[in-house]
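Chain and residue survey
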Amino acid sequence: MLYVESADKTYPNGTRALAGLNLEVEEGEIVAVVGGSGCGKSTFLRLAAGLDQPTRGRIRLDGETITRPNPLVGIIFQEPRLLPWLTVEQNVGFGLADRPRAERERLVREVLERVGLQNYAHCWPRELSGGQAQRVAIARALAPHPKVLLLDEPFSALDAFTRASLHEHLLSLWHAFRPTLVLVTHDVEEASVLADRVLVMQPNPGRIAATIDVDLARPRDRYGTEIEAMKRRVLWALDKSLRRESGEALSPAAAI
Amino acid sequence: MTAIERFDNLGEARDSRIVSATHPIIEKKSKRTAERFLLGLALPLLLGIGWELAVRAGWAEGRLMPPPSRIFLTLYSLAVTGELWIHIGATLARVGAGFALGVIAGTLVGALAGASRLSREILDPSLQGLRSVPSIAWVPLFILWLGIFEESKIALIAVGCFFPIYLGVLAAIQSVDRKTVEVGRVFRLTTPQLVRRILLPAILPAYVVALRQGLGLGWMFVVAAEFMGASEGLGYLLIDGQQLGKPDQIIAAIVTFAILGKITDGLIASSSAPFLTWQDAYAPKH
Ligand SMILES: Nc1ncnc2c1ncn2[C@@H]1O[C@H](COP(=O)(O)OP(=O)(O)OP(=O)(O)O)[C@@H](O)[C@H]1O
Ligand SMILES: [Mg+2]
């Protein structure tokens, strides 16, 4: 269980990126976080990853307060951030340096197969396409089998087709290992297709404006009417949160 | 088959092709390297042959600019008497010692300045000031301090090598991407692990460039050092050739400098190449 207990984050320059964030994420749940630019989504993930400290409140994983990067929490950034001097295989095994060699090789092989890149094990990052590089980044974060995986707009730089394929890869990984997923996204369709729950955030100061449960069975058909309706609900909640902030009607698309 | 599955299969087909296609690409690259090598050789070869023919045909005199055959003859006779090797040995020893000192000092000071802001703010302004002094200006001082023998020469070469290496190391450390370092933090690397697994590989390409620049300056300064009085060394051959009016000896020494400079630079490049194959821009030099 991931608990966020009235977490505040005020940056040294005075920006209140998060104020009183409360959240409970169950084990194995997939939570999507949407919201306009600058509402503190990345800040929240950085706190949960232990890369930054909350100014007040705390974040706990199974009772233990997170104060620094934790082996049970993995994070995937918007860019793949692969190390260019390591091959795909070595990148994926980067977090496994302390494991015995045989185990490391097995874990790397397993997760590379899951993302469909077993033939690329010996390639350099420069030889990969954007989507492949992001798959390697997902594999690297998942190789040590973290309990919680945080994803910060991991697919936003990719075309719709590649993105859809990566959703399938991510879901297949989720079925295999059942990690808790917290996915920040700007894409309502992505949120509706993947998540059990969608959190809509609102800026100044950053907080949760609405929570939408997505009670749809998997596998979901991204072109089906249910997803269509869910997208509309999320968009509507986003629109409302933005309107509340600026005090005027805004097209939600303008904020995304 | 859904659209996504179809897409994935397309991806697989592409995968196997990419893997099998790696070899021809490498072959093509080395062929291109050979082609470039021959193209680069064409101009000096053509000029040399042209000059040789011109002198032999009597169109030119060739006293101040001897034809290639005379230069080779001079080189050959210097080599068989063993004189050439003594000069090469003396010069190489000076460059080697000066370069080694410059590399050690430049790397340590650069790393120190890169590692902490306080030491950078203390060191960098003074070093930048010293850097703007033309290094030859140190010669009189070094001679006073260290005498006219080997020590002052090596000190001059070391100073020449120091600055590009110091600057290269400092700039390389400062330009390491914060985002890459964060990857290390996510995987909970300790500071020594962070240095070994992220910082060192990240600065290596720039470090190799700095070493090559430093060595280039080392070769430049060894000539200056040997001009200030030496009884052996390629710089001495130059001066000696001038004083005795032997242009063939001067050009023979210049050719030797060019060859040695190219070889030592190639040694740095090729010994670092196995560690840099990952680089996007790196083209193998075989
Ligand atoms: N290091 C920092 N120092 C100061 N202010 C910051 C810093 N990082 C973020 N902020 C501010 O905190 C607020 C929230 O930033 P954050 O990056 O969490 O937004 P976000 O929701 O991820 O936005 P986006 O969707 O554009 O990525 C913004 O107003 C931003 O300007
Ligand atoms: Mg963000």
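Residues numbered from 1 in each chain as written. Chains lettered and ligands numbered in written order. Predicted model: local features only at pLDDT ≥ 70, side-chain atom pairs only at ≥ 80, totals over all residues. Heavy atoms only, no water.

Let's shift gears to the pattern of salt bridges. Residue and element names in this part refer to chain A. In total, this model carries 26 salt bridges over all chains according to the counting rule given. Here Glu-189 ties to Lys-231 by a salt bridge, and the two come within 3.1 Å at their closest N and O atoms. On the criterion of sequence distance, the pair formed by Glu-189 in helix α6 (residues 188–194) and Lys-231 in helix α7 (residues 225–246) is long-range, its members being 42 residues apart. Relative accessible area serves as the criterion here: at 17%, Lys-231 is assigned to the buried category. (Salt bridge = Lys/Arg side-chain N within 4 Å of Asp/Glu carboxyl O. Helix = DSSP H or I, 4+ residues; strand = E, 2+ residues; numbered from the N terminus. Buried < 20%, exposed > 50% of the residue type's maximum accessible area, 1.4 Å probe, protein only.)

Where nonpolar side chains cluster on the molecular surface, the patch consists of Phe-37, Leu-38, Leu-41, Leu-45, Ile-49 and Leu-53 of chain B and spans about 630 Å² of accessible area. Within the secondary structure, Leu-41 of chain B sits in helix α2 (residues 22–56). (Patch = residues over 30% accessible without salt bridge, like charges linked within 9 Å, V, L, I, M, F, W, Y side chains within 5 Å. Areas by Shrake-Rupley, 256 points an atom, 1.4 Å probe, with all protein chains shown as cover.)

Moving on, we come to the interface of chain B and chain A. By a widely used convention, the size of an interface equals the accessible area lost when the partners come together. Taken together, the contact pairs 28 residues of chain B with 31 residues of chain A. Between chain B and chain A, roughly 2900 Å² of surface is buried when both sides are summed, and carbon and sulfur atoms account for 63% of that area. Across the chain B-chain A interface, the total number found is three salt bridges. The partner of Lys-179 of chain B in a salt bridge is Glu-79 of chain A, and the shortest N-O contact between them spans 3.5 Å. For the pair chain B and chain A, the number of links is nine residue pairs in polar contact (both at pLDDT 80 or more). Elements that contribute at least two residues to the side of chain B that touches chain A include exactly α1 (3–20), α8 (178–186) and α9 (191–227) of chain B. (Contact = heavy atoms within 4.5 Å. Buried area = accessible area lost by both parts, 1.4 Å probe. Polar contact = N/O pair within 3.5 Å; in protein donor to acceptor, adjacent residues only side chain to side chain.)

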